[in-house]
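Observations on chain architecture
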Amino acid sequence: MVTVLGMYGWPRWLTSAHEGSALIVRDGRILAAIEEDRITRIKHDGQIILWNSIKDVLRITGIKASEIDAVAIPWEAPEETAFYDLKNFKLANLAGYPYSRVNRIRLNFLMQCYGIDAPIRFVNHHRSHAASALLTSGIADCSVLTLDGQGDRNESLSAWEAQNNVMKCVASIDAPTFGDFFSAATNAIGFKINDGEGKTMGIASYGDPKPAYDQIKDFLNVDGLNVRGTIDNSARIQVDVSDTKPFASYRHLVKGNNPMMDLAKKFKKEDLAAAAQKLLEDRVLEFVRNVIARTGKHKVCLAGGVALNMKLNQKIREMQEVEEVYVFPNPGDSGVAVGAALLVCKDLMEAEGKTFSNEPMIHTYYGTSYTDEEVLSALNEYRLEYQELKDPEKAAADLISEGKVVGWFQGRLEFGPRALGNRSVLADPRNEGMKDKINKYLKKRDWFMPFAPSMLSEAKEEYLEEGVEAPFMIMGFNVKKEKIKEIPAVVHVDGTVRPQTVTADANPSYWKLIHEFEKQSGVPIVLNTSFNRHGQPMVRSPEDAALHVVWGAVEYLIIHKYLVDAKVKIG
Ligand SMILES: [Fe+2]
């Protein structure tokens, strides 16, 4: 057996570590994966010192540190320059840059903490993103694209031709492109970078791209397999690895420029967002077309933070040249270690003469699960009264159809940004007022952000214009016009949804719940939003869920077979 630990959470700067995660892969299969922030409860946490997630994946799988054959890191290898060697000293070493010797020391310290004595394998960041999409897609031959803010050096974009699960790079751009452009728009509109990009996409549906489009269209240009972005939004080190003079990195530290800041004073937020979304779509589609022309592969796999943009993903799926699109369900940096771990595992397996099989991912339930005893202990700790249910799925469906906001906690935690029926808050999609109700209880979302539906897989053709399987809420679809009024709480203003199609194979309990709701309401769909209060990471443990009840974030909690009415507290 080949067992690989993947990990991510490298701090770029000492102050901005983000998106930490760890996972274990054995013989090409993911056994456990969890984001650091689910444990530390600090959103997007990258942990500067310790990775709690490493401990958790070892505990979940029962795998001993001594059984790990390799550790995979989705960055290129740190330089071996000693930081006390003044001739080769670089400021980056102190700043925590991924290449740095300081990080190497820190990594060795971490391995010692967990008793792991396995070789560390470094995999290029974009290659890791690409592998995360390819090797979980079940598609051996395809075009693979990765789009993000910045990977190794200044790389922000790569394209690959995959043949029989082997990737050959056909394009790599070592400069800011799509990710930085969209973050710059997000920043100019007034949302947080690396957090608010989804809001920019959301508000864009309320705007008109025309007024601002002409003024921003030259910020991104595509020429064959080259992309030129003129915006460098964030201050960054323009890495020049050939420069070995003292303080080299400091000389290459450039200040960001964002001409969209001025445009934000001139145009309405929603119009600037609409123009940015349209330009992103236009240019990415042009690039995808050129990549397909080069590779001849019409199936497309996507990863990188930009692939969180479900409207862009929808436009790619609708391209004539595209036969099928698979978007890795955790395409941002919190999922990038999956690609590094699978690639390293594949290499080691093939070296042993074993065949790596690229099996399609059908769910994301790779996190922590709990026993009934642990659940009861948390409910007792928070002094919550509960009753035991015979049929939790039916009870949940009853409450939802009565218009209640229900916290639903079952099985293993989801890996990735979306709750997919194990740590979800559920409500009735037929009632448009549900959006306000959930916002009051839980989310405090911006007025323009839509909620998403979970639908029985069997109902996808009935509700969606293109009824294909979409298990991960990462792809936009047009709802059939006559169906929009049936489920107003989960349809965006432009008539699109970001659905989860639920199969009985992937999640039997959740499938049953939705089916029970259908029996009562005639609608095979529930509103599903992640179980977390505004600003919090998704709930992981029974304690987190109980605390949400105490905070008044839900009306009812069904956790395993136990029902908690938030109004009833033990005195
Ligand atoms: Fe990335």
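The structure under discussion appears in the preceding block.
Residues numbered from 1 in each chain as written. Predicted model: local features only at pLDDT ≥ 70, side-chain atom pairs only at ≥ 80, totals over all residues.

1. Looking at helix 15 (residues 392-401)
The test is simple: The burial label depends on the number of other C-beta atoms within 10 Å of a residue's C-beta. Counts of 20 or more mean buried, 12 or fewer mean exposed, and intermediate counts mean partly exposed, with C-beta atoms placed from the backbone. The helix and strand labels rest on DSSP assignments: H or I over at least four residues marks a helix, E over at least two residues marks a strand, and numbering proceeds from the N terminus. The arc in question is the one spanned by the directions pointing from the helix axis to the C-beta atoms. Placing a C-beta atom from the backbone of each residue, one calls two residues in contact when those atoms lie within 7 Å.
When we look at burial in helix 15, the residues that qualify are Pro392, Glu393, Ala396, Ala397, Leu399 and Ile400. Down the axis, helix 15 shows its buried residues gathered within 165° of arc, on one side only. Buried residues along helix 15 sit in contact with strand 16 (406-409), strand 17 (423-427), helix 19 (508-521), strand 22 (525-530) and strand 23 (556-559). Where helix 15 ends, the next residue or the one after it, Gly403, has phi of about 90°, a positive value.

2. Some points on the packing of helix 11 (residues 269-295) against helix 12 (residues 310-317)
The criterion, for reference: Axis lines are fitted through C-alpha atoms, for helices just across the contact stretch, and the angle between N-to-C directions can take any value from 0 to 180 degrees. Put simply, angles under 35 degrees are roughly parallel, angles over 145 are roughly antiparallel, angles from 65 to 115 are roughly perpendicular, and the rest are oblique. It is the rotation of the near helix from the far one that decides the hand of a crossing: anticlockwise by less than a right angle makes it left-handed, clockwise makes it right-handed. Gly falls in the polar group here, along with every residue not listed as nonpolar (Ala, Val, Leu, Ile, Met, Phe, Trp, Tyr, Cys, Pro) or charged (Asp, Glu, Lys, Arg).
Put simply, helix 11 and helix 12 touch, their axes get as near as 10 Å, and they point 40° apart. In terms of their interaxial angle, helix 11 and helix 12 are classed as oblique. Handedness of the helix 11/helix 12 crossing: right-handed. Taking contact as the criterion, the partners of Gln277, Leu280, Glu281, Val284, Leu285 and Val288 in helix 11 are, on helix 12, Lys311, Leu312, Lys315 and Ile316. Its residues assigned to classes, the contact of helix 11 with helix 12 comprises six nonpolar, one polar and three charged.

3. Regarding the sheet that holds strand 1 (residues 3-8)
Just so we agree on the cut-off: Pairs of strands are assigned from DSSP output, requiring at least two bridges between the strands.
Spatially, the five strands line up as an open sheet ordered 3-2-1-4-5, and their pairing is mixed. Unpaired on one side and paired on the other, strand 3 (29-35) and strand 5 (120-122) mark the two borders of the sheet. Pairs of neighbouring strands in the sheet enclose a mean axial angle of 20°, with direction left out of account. In terms of strand pairing, strand 2 (residues 21-26) meets strand 3 through six bridges, oriented antiparallel. Paired with Leu23 across the bridge in strand 3 is Ala33. This element, helix 2 (residues 52-61), spans strand 1, strand 2 and strand 3 of the sheet and lies at about 140° to strand 3. Sitting on the sheet, helix 13 (residues 336-351) is in contact with strand 1, strand 2, strand 3, strand 4 (70-73) and strand 5, with an inclination near 155° to strand 1.

4. So, unusual backbone geometry
Notably, Arg41 is not glycine yet its phi reads approximately 65°, a positive angle. Along the polypeptide, Arg41 turns up in the loop between helix 1 (36-40) and helix 2. Judged by C-beta crowding, with 15 C-beta atoms within 10 Å, Arg41 ranks as partly exposed. In the Ramachandran plot, His560 falls in the positive-phi region, its phi being about 50° despite a non-glycine side chain. The buried category is assigned to His560, around which 20 C-beta atoms lie within 10 Å.

5. Points about the nonpolar core
Going by this rule: A set of buried Ala, Val, Leu, Ile, Met, Phe, Trp, Tyr and Cys residues, joined through C-beta atoms within 7 Å, is what we mean by a nonpolar core.
Among the nonpolar cores identified, the biggest contains 165 residues, and Leu23, Val144, Ala341, Val406 and Val554 are the most heavily contacted of them. For this core, the element with the highest residue contribution is helix 11, accounting for twelve residues. Apart from residues lying up to four places away in sequence, Val406 is in contact with Ala396, Leu399, Ile400, Val425, Leu426, Val554, Glu555, Tyr556 and Ile558.

6. Here we look at the packing of helix 6 (residues 178-189) against helix 11
Two elements in contact, helix 6 and helix 11, have axes separated by 10 Å at closest approach and are oriented at 175°. By the angle between their directions, the pair helix 6 and helix 11 is classed as roughly antiparallel. Here Phe178, Phe181, Phe182, Ala185, Ala188 and Ile189 of helix 6 lie close against helix 11, whose contacting residues are Lys269, Leu272, Ala273, Ala276, Leu280, Arg283 and Val284. For the contact of helix 6 with helix 11, the per-class residue count stands at eleven nonpolar, no polar and two charged.

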